[in-house]
Each structure stands twice: as C-alpha cells, then as structure tokens.
Amino acid sequence: MSAAALPGRFTPQALWAALKRRWLLYHLGDTRFAFMWDKPPPDEWVVLDCETTGLNVARDEIVSIGAVRIVGNRLMTSERLDLLVKPRRGMQDDAVRVHGLREQDVAHGLDIDDALQQLMRFIGARPVVGYYLEFDLAMLNRALFPMLGVGLPQPRFEVSSMFYEWRFRQLPPYQQQGSAHIDLRFATLMDTLALPQRHAHDAINDAVMTGLAFVKLRALLAQPG
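Asker: Sorry, what's going on with the packing of helix α4 (residues 112-123) against helix α5 (residues 133-148) here?
Answerer: A pair of packed helices can be characterised by two numbers: the angle between their axes and the separation between those axes. It is the contact of α4 with α5, at a shortest axis distance of 10 Å, that shows an interaxial angle of 95°. Taken together, the axis directions place α4 and α5 in an arrangement best described as roughly perpendicular. Counting all contacts with α4, which are made through I112, D113, L116, Q117, L119 and M120, the residues of α5 involved are L140, A143, L144, M147 and L148.

Asker: Whenever I open this one, the packing of helix α6 (residues 159-170) against helix α8 (residues 203-222) confuses me. Can you help?
Answerer: Following both chains from N to C, one finds α6 and α8 inclined at 35°, their axes separated by 10 Å at the closest point. Here the hand of the crossing between α6 and α8 comes out left-handed. Taking contact as the criterion, the partners of V159, M162, F163, E165, W166 and R169 in α6 are, on α8, T210, A213, F214, L217, R218, L220 and L221. A breakdown of the residues in the contact of α6 with α8 according to their chemical character gives 9 nonpolar, 1 polar and 3 charged.

Asker: Whenever I open this one, the side chain of S64 confuses me. Can you help?
Answerer: With respect to the helices and strands, the residue S64 is situated in strand β2 (residues 62-71). When sequence neighbours within four positions are dropped, the list of residues in contact with S64 reads D49, C50, E51, L83, L84, V85, L101 and A203.

Asker: Is there a simple way to explain α8 in this structure?
Answerer: Within an α-helix, residues lying three or four positions from one another point in the same direction, as the helix has 3.6 residues per turn. With 20 residues, α8 should reach 28 Å at 1.5 Å per residue; the first-to-last C-alpha distance of 28 Å fits that figure. Burial analysis of α8 places 15 of its 20 residues in the buried class, which makes it a mostly covered element.

Asker: Quick question: what am I supposed to make of the pattern of salt bridges here?
Answerer: Summed over the entire model, instances satisfying the criterion amount to 5 salt bridges. A salt bridge links R69 to E79, with the shortest nitrogen-to-oxygen separation between them at 3.2 Å. Note that R69 is positioned in strand β2 and E79 in strand β3 (residues 74-84), a separation of 10 residues in sequence. Look at R69 and you get buried, because its relative accessible area is 17%. Residues D183 and R185 are paired through a salt bridge, measuring 2.7 Å at the closest nitrogen-oxygen approach.

Asker: Got a minute to help me understand α5 in this structure?
Answerer: Its axis deflected by about 30° at R142, α5 carries its strongest bend there, up to four residues before the proline P146. Turning to α5, its buried residues number three or more, namely L133, D136, L137, M139, L140, L144, M147 and L148. The secondary structure elements touched by the buried residues of α5 are β1 (44-52), β2, α4, β4 (128-130) and β5 (156-158). In the segment just after α5, G149 is the residue with positive phi, at about 80°.

Asker: Can you walk me through the pairing of β3 in this structure?
Answerer: Inspection of the sheet shows β2 paired to β3 by 8 bridges, in the antiparallel sense. For V68, the partnering residue across the bridge sits in β3 and is R80. Linking two consecutive strands that pair antiparallel, namely β2 and β3, is a turn of 2 residues; a positive phi of about 65° is found at G72 within it.

Asker: Explanation requested: the nonpolar core in the structure shown.
Answerer: A general feature of soluble globular proteins is that nonpolar side chains tend to end up buried together. One finds I65 and L140 to be the most contacted residues of the largest nonpolar core, which totals 29 residues. At the level of secondary structure, the elements contributing two or more residues to this core comprise β1, β2, β3, α4 and α5. Non-local contacts of I65, meaning those with residues more than four positions away in its chain, are made with L48, D49, C50, L81, D82, L83, V85, A115, L119, L140 and A203. Within the second largest apolar cluster, 26 residues are counted, among which are F163, I182, M190 and M209.

Asker: Mind showing me how you'd approach the environment of L152 here?
Answerer: On the secondary structure map, L152 appears in the loop between α5 and β5. Between the C-alpha atom of L152 and that of W37, which follows or precedes it by 115 residues, the distance is 9.4 Å. What L152 contacts, discounting residues up to four positions off in sequence, is M36, M120, I123, L137, L140, N141 and L144.

What counts and how
Residues numbered from 1 in each chain as written. Predicted model: local features only at pLDDT ≥ 70, side-chain atom pairs only at ≥ 80, totals over all residues. Heavy atoms only, no water. Axes fitted to C-alpha atoms, helices over the stretch in contact; angles between N-to-C directions. Helix = DSSP H or I, 4+ residues; strand = E, 2+ residues; numbered from the N terminus. Parallel < 35°, antiparallel > 145°, perpendicular 65-115°, else oblique. Contact = heavy atoms within 4.5 Å. Left-handed = near helix turned anticlockwise from the far one by under 90°. Nonpolar A, V, L, I, M, F, W, Y, C, P; charged D, E, K, R; others polar. Expected span 1.5 Å × (residues − 1). Buried < 20%, exposed > 50% of the residue type's maximum accessible area, 1.4 Å probe, protein only. Salt bridge = Lys/Arg side-chain N within 4 Å of Asp/Glu carboxyl O. Bend = angle between axes of the 7 residues up to and from the residue. Pairing = 2+ DSSP bridges. Core = buried A, V, L, I, M, F, W, Y, C linked by side-chain atoms within 4.5 Å.

Set out below in structure tokens:
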C-alpha cells in the first residue's frame, strides 16, 4: 500500500499509525469489532478492573469485570458494566480470600467470550483507564486473542503513574534527584487524594474508585507549577 492511498497529510508517526491500523484491521479475526479502531469520542474514557482466579497471567482466569465510563470530569456510574464470568478451572483459595468470589458465586456467570463481547462494545474506541492496568490487560488480551487475533487496541492511562507524577512534583528539588520512593498503594492513593473508598477487590467498586482518582489527578496535573 502506498502513502498516496491514505487520505490527508501525515507526519511519519501518523503515517505509521495509519498503516499499523490498516494492517491490524486486515488481520482482525472478527470484523464486527473493527469499531475499536475508530476515532474515540472526545473527553471520554472507560475505567476497567478485573478479578481473577489468581495472579498467573498464563494460567489463571477472569471471574469478574467492572467498567464505568467517564465523560469530561464526570464519572457516569449509571453507565457501567458489572459482569460475573464462569472460569473453566477452579478458584484458588488465595484469590477467594482477596475478592470473596467463590466457585458457587460464579457458577452461573457468563462464558468469557460473551463477557468480552459485552466489554468491547462498552469500551468502543475510548481509551482505557486503570490501576496497575497492565495485569488486567494481559488477562483480557490472552482471552481475546483466540477471538480477534489481537488485543485491545485503545490508548491507556495508568492511574498509579499519574499519582506518582503528581506526588513527585510536590517533592523539594533535592528529593527529585534520582528515583523517589512514593507509596503507590491504592488505599494510600485514595487517602492522599481525599476520595471516598468503597469495599476494595470488587471489580465495579475498584473501577469506580479508580475513575474518581483519574478525574481528580487529571485536574491536579493540569494545574501550572
């Protein structure tokens, strides 16, 4: 494909992004979800959280998915996704102690493919937001790959990184030399931002709390100085 076949004027970075998008769409396993590569609506995001049978990305499975939309500086709690997923293998005791979901609680949950289809339609082309999002995306993309041949393509925003940047700016210059130690635990983050906390390790609760943190951190990071 030549650059002349692509509309408009492109910088090298934009040209590469457009070519990559076309390549991925060409190889997309299910073209019903090509909308994820569309231009996202302005000032909208989807906050995402998953609970799993354990912490091994190669072996464990998703048991619940929580997602909520953000529009501007508003968390749209009436527009949320709260799904239970039935795993194909058993639940580990350590995981049950964390999120409280037992095998009988998810026995009538959705098949993972059905849950992922709902999630993809809910996200659309919006960027995704999360707290230690890398793990959630690794779990989701492993489950998505047999269906799509690719993972979720949306841009992503990591709340722990945003919090680190904001806290780092507040340090005196002598403490900004090198790598500063900043407590990134979720409870600390929420306390420092003076935000209300819900019961943690529940996918939709974690998504809502992460969304509140994202909205506040965006505003704080936009302030001069």
